[in-house]
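Residue-level listing of the chains:
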Amino acid sequence: MRLGDLERAVMDVLWDRGTPATVREVADALADRELAYTTVMTVLDRLAGKDMVQRTRTGRAWSYRPAASREAYIARLMLDALELTGSRDAALVRFARSVSGSEAEVLRKALEDEAG
Amino acid sequence: MVHVSHLAAALAAGYLGALLLTRSRWTWRSPRSAIVCWQLLGLALGLCAIGLPLEIGLAPYRAAVGPALVAFARDLRAGALPPGMTAWRGALVLVGLLVGVRLVAATVTHLVHTLRARRRHRDLLALVARADPAAPGALVLDHPSAAAYCLPGMRSTVVVSAGTLSLLDREQLAAVLSHERAHGRERHDLVVLPFGALCRVLPFAGWLHAARDAVSLLVEMRADDRARQAHTDGPLAGALLRFATASATPTPAGALGAAEHLEARMDRLVISRRRRPPRVRAALALAATAVLAATPLITFLS
């Protein structure tokens, strides 16, 4: 299994739970994949390094939660795609853009929620 | 001083050439030649901007910029400058070098920002985008707005939103996907990149921004042409039209020009598609810009 797929599976677990989870809890949720505890820990570490998850200490264990909702990440990608971020840094090459004023508002709002 | 007059003339001609090429419309019928012209023109302008102050500053050496610069560095270390090498000439040499450093630094900075933003985008895509049999070879983002784009890189990724899937029929989507794959295969992001970097150096030079927009549009037209080779004109034009009419309000702030671009591309696909490519004009423009780019190179070396 590729690392990217693992990261995605772990994020899906965290998003579906809605509450912070420990490494053990994530590993249990992915029991059908038969992943080693240390593998799950490594993946969570990587995700924390990329600021995709946030880590808090509860008792002796660390627990993890997504830094933002799945919808917020999609909104961020769409803002890049629709060139609404005001920067052209990602330099994507687009076919065409189509977005109504209200859609743009909703997307910007989603991004602010994520930042806040 | 003969070199100086060459470079000054090349710089002026390059600037006028950029203005001319921005306004030209033959370019729309031959986007590939026009893109090459723009690259040569950009190279010429950059080299002239570096070379002109150096050439004036190093005039006492009566040599090409390259050898003269080596001789100047040697004399500077030895502490014995030739007569006529005054302080203001030294200052001009410094200006030339600073322009060079600034151009290289801006390009590197722009590249680093771009790569970082793209990596972040790629990381997020890996977490939330999905494959979909409706869009073979592309990733799908579950969002109702319509977007189709290419994330360029060593392995370019084509992405469409769920809104695009519901907006377009199967043929239109296939045409859009080949358009995007053409962007990735021909690395159109690298074609536009130097102009983005130049806009960073001179943010208030309106003609540079106009040049970047012109190149961006040419790149879209080139990708349209690639898509037309694989599909008929109809689906591509249909897809453009649907994108153009899907938004309830005009283009939002920060995306100005997109509507005009759509109109120009539609015109090419629907109205002027039978006009022949402007072979003579394209050949003349290529020759002129090649001479412009060669001028500073020759004055640097001989």
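Computed from a prediction, not measured in an experiment: that's the story for all the values here. (Residues numbered from 1 in each chain as written. Chains lettered and ligands numbered in written order. Predicted model: local features only at pLDDT ≥ 70, side-chain atom pairs only at ≥ 80, totals over all residues. Heavy atoms only, no water.)

Trainee: How would you sum up the layout of surface pockets? Please name residues and give values.
Mentor: Considered as a void within the structure, the second largest pocket measures approximately 850 Å³ in volume. The wall of the second largest pocket is formed by 31 residues, among which Arg2 of chain A together with Arg122, Leu139, Arg155 and Thr157 of chain B lie closest to the centre. Secondary-structure elements contributing two or more residues to the lining of the second largest pocket are helix H1 (3-17) of chain A together with helix H4 (87-128), strand S4 (157-161) and helix H6 (170-185) of chain B. At seven residues, H4 of chain B tops the list of elements feeding residues into the lining of the second largest pocket. Residues of the lining of the second largest pocket, tallied by class, amount to 10 nonpolar, six polar and 15 charged. (1 Å grid on protein atoms, 1.4 Å probe; cavity = no way out; pocket = protein on both sides within 12 Å on 5 of 7 lines; lining within 4 Å. Points joined across faces, edges and corners; volume = space filled by probe spheres on them. Helix = DSSP H or I, 4+ residues; strand = E, 2+ residues; numbered from the N terminus. Nonpolar A, V, L, I, M, F, W, Y, C, P; charged D, E, K, R; others polar.)

Trainee: Which residues make up unusual backbone geometry, and what values do they have?
Mentor: Residue and element names in this part refer to chain B. The residue arginine 62 is not glycine, and still its phi comes out positive at about 50°. Position of arginine 62 relative to the elements: it lies in the loop between helix H2 (31-57) and helix H3 (65-78). Under the relative-accessibility criterion, arginine 62 is labelled exposed at 78%. Located in the positive-phi region is arginine 187, a residue other than glycine, with phi close to 45°. Inspection of the secondary structure puts arginine 187 in the loop between H6 and helix H7 (188-201). (Buried < 20%, exposed > 50% of the residue type's maximum accessible area, 1.4 Å probe, protein only.)

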